[in-house]
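Single-letter residue listing:
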Amino acid sequence: CLDGLDKLLLLRYLSLRGTNVSELPETLGETRCLQTLDVRSTKVKQLPRSILRLQHTLMALLVGGEEMVNSIETTTRMPNDIWQLRKLENLATVDLRVQHVNFVEDLGALESLRVITITWYFHQCSDGPHCKELLSSIQKWRKLKSLTIHCGLGCSMEFLGSLSDPPWELKKFKVTLGRFAGVPQWFHALEYLSFVQITICKLGTRDLEILGGLP
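A short tour of the structure in this document, coming up. (Residues numbered from 1 in each chain as written. Predicted model: local features only at pLDDT ≥ 70, side-chain atom pairs only at ≥ 80, totals over all residues. Heavy atoms only, no water.)

On to the side chain of Thr148. With respect to the element layout, Thr148 can be found in strand β6 (residues 146-151). Exposure remark for Thr148: the relative accessible area of 6% places this residue in the buried category. Setting aside residues no more than four positions away along its own chain, Thr148 makes contact with Ile116, Thr117, Ile118, Lys172 and Lys174. (Helix = DSSP H or I, 4+ residues; strand = E, 2+ residues; numbered from the N terminus. Buried < 20%, exposed > 50% of the residue type's maximum accessible area, 1.4 Å probe, protein only. Contact = heavy atoms within 4.5 Å.)

What follows is the structure, given as structure tokens:
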């Protein structure tokens, strides 16, 4: 029972992770000091729109989980206009399976992001607008340090190779199940990159040179 949540005026951290909670009250938006909301591994399918009122405080929004990639059920859905949560530094896991391309575009406005985890599905790999907006958003996350993309099996992520201006502070780049033809050329520009997990179809000399050049 989450009645009275709006009375916790100084609440900064709320974790419901691993509980049977299925719905969050609209009064969530009244917790004006809330910095972290964790509803991973719950039954919450939709975040209340009132969460957008936390635009000046919310720094970490954690929903879903890695198991969602192969699940037939849609996980926790984000509200439209997520661009209003400009203080967000940690956002995971964003299920893009049912989100409109405009939502992917809006993600680019979250310029404070340091960590983000998203899911990407097979049909989106061949969808030009989705690929274009994801590339555009990544290039706007100038403070980003960790990017994780969970894909469906067999997804070609080669479009990420055309990233022209990657976040230069990136330390972690992880893509599960999706595959690349080769190591992205833009790795050359990442002097802080220390964790890489990707699948390469065929590792060649050029790929080893790029990896060998990572300090």
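Here we take up the pattern of salt bridges. Scanning the model with the defined rule gives 9 salt bridges in all. Close ionic contact of Asp38 with Arg40 constitutes a salt bridge, the shortest N to O distance being 2.7 Å. For Asp38, a relative accessible area of 3% gives the class buried. (Salt bridge = Lys/Arg side-chain N within 4 Å of Asp/Glu carboxyl O.)

It is worth spelling out the environment of Arg179 at this point. Of note, Arg179 is situated in strand β7 (residues 172-180). Residue class for Arg179 comes out partly exposed when judged on its relative accessible area of 36%. Filtering out sequence-adjacent residues up to four positions away, Arg179 remains in contact with Gly154, Cys155, Ser156, Met157, Glu158, Thr199 and Cys201.

Our next topic: a nonpolar patch on the surface. There is a patch of nonpolar side chains on the surface, built from Leu203, Leu208 and Leu211 and spanning about 270 Å² of accessible area. Counting through the fold element by element, Leu203 comes out in the loop between β8 (195-200) and α4 (205-212). (Patch = residues over 30% accessible without salt bridge, like charges linked within 9 Å, V, L, I, M, F, W, Y side chains within 5 Å. Areas by Shrake-Rupley, 256 points an atom, 1.4 Å probe, with all protein chains shown as cover.)

Attention shifts here to the packing of aromatic side chains. Counting across every chain of the model gives 6 aromatic pairs. Ring geometry for Trp168 and Tyr192: centres 5.7 Å apart, planes at 50 degrees, overall tilted. You can see Trp168 sitting in the loop between β6 and β7 and its partner Tyr192 sitting in the loop between β7 and β8, a full 24 residues away along the chain. What makes Trp168 partly exposed here is its relative accessible area of 41%. On the basis of relative accessible area, Tyr192 is assigned to the partly exposed category, the value being 37%. Here the aromatic rings of Phe173 and Phe187 are separated by 5.8 Å at their centres, their planes lie at 85 degrees, and the arrangement is edge-to-face. Taken together, the residues Phe173 in strand β7 and Phe187 in the loop between β7 and β8 connect sequence positions 14 residues apart. Here Phe173 and Phe187 have matching classes, each one buried. Taken together, the ring pairs in this structure connect Phe173, Phe180, Trp186 and Phe187 into an aromatic cluster. Over the ring of Phe195 we find Lys172; its NZ or CZ atom is 5.2 Å from the centre of that ring. (Phe/Tyr/Trp six-rings, centres within 6.5 Å; stacked < 30°, edge-to-face > 60°. Lys NZ or Arg CZ within 6 Å of the ring centre and 35° of its normal.)

What follows is about helix α3 (residues 128-140). Under the 1.5 Å per step criterion, the end-to-end length of α3 is 19 Å for 13 residues, consistent within 8% with the ideal 18 Å. Those residues of α3 lying buried are His130, Cys131, Glu133, Leu134, Leu135, Ser137 and Ile138. (Expected span 1.5 Å × (residues − 1).)

Bringing unusual backbone geometry into the picture now. Going from Ala92 to Thr93, the amide bond is cis rather than trans, its omega being -5 degrees. For Thr93, the position within the fold is in strand β4 (residues 90-95). A positive phi angle, close to 65 degrees, is found at Asp81, a residue other than glycine. Relative to the elements of secondary structure, Asp81 occurs in the loop between β3 (60-62) and β4. The exposure class of Asp81 is partly exposed, given its relative accessible area of 24%. Of note, the phi angle at Leu177 is positive, near 70 degrees, even though the residue is not glycine. Within the fold, Leu177 resides in strand β7.

Within the secondary structure, Thr42 sits in the loop between β2 (36-38) and β3. Discounting chain neighbours no more than four positions away, the residues touching Thr42 are Leu16, Arg17, Gly18, Thr19 and Val21.

It is worth spelling out the sheet that holds β7 at this point. Here we have 8 strands laid out as an open sheet, ordered β1-β2-β3-β4-β5-β6-β7-β8, and parallel in their pairing. Of all the strands in the sheet, the pair left with one neighbour each is β1 (13-15) and β8. Here the strands of the sheet are splayed against their neighbours by 10 degrees on average, with no regard to which way each runs. (Pairing = 2+ DSSP bridges. Axes fitted to C-alpha atoms, helices over the stretch in contact; angles between N-to-C directions.)

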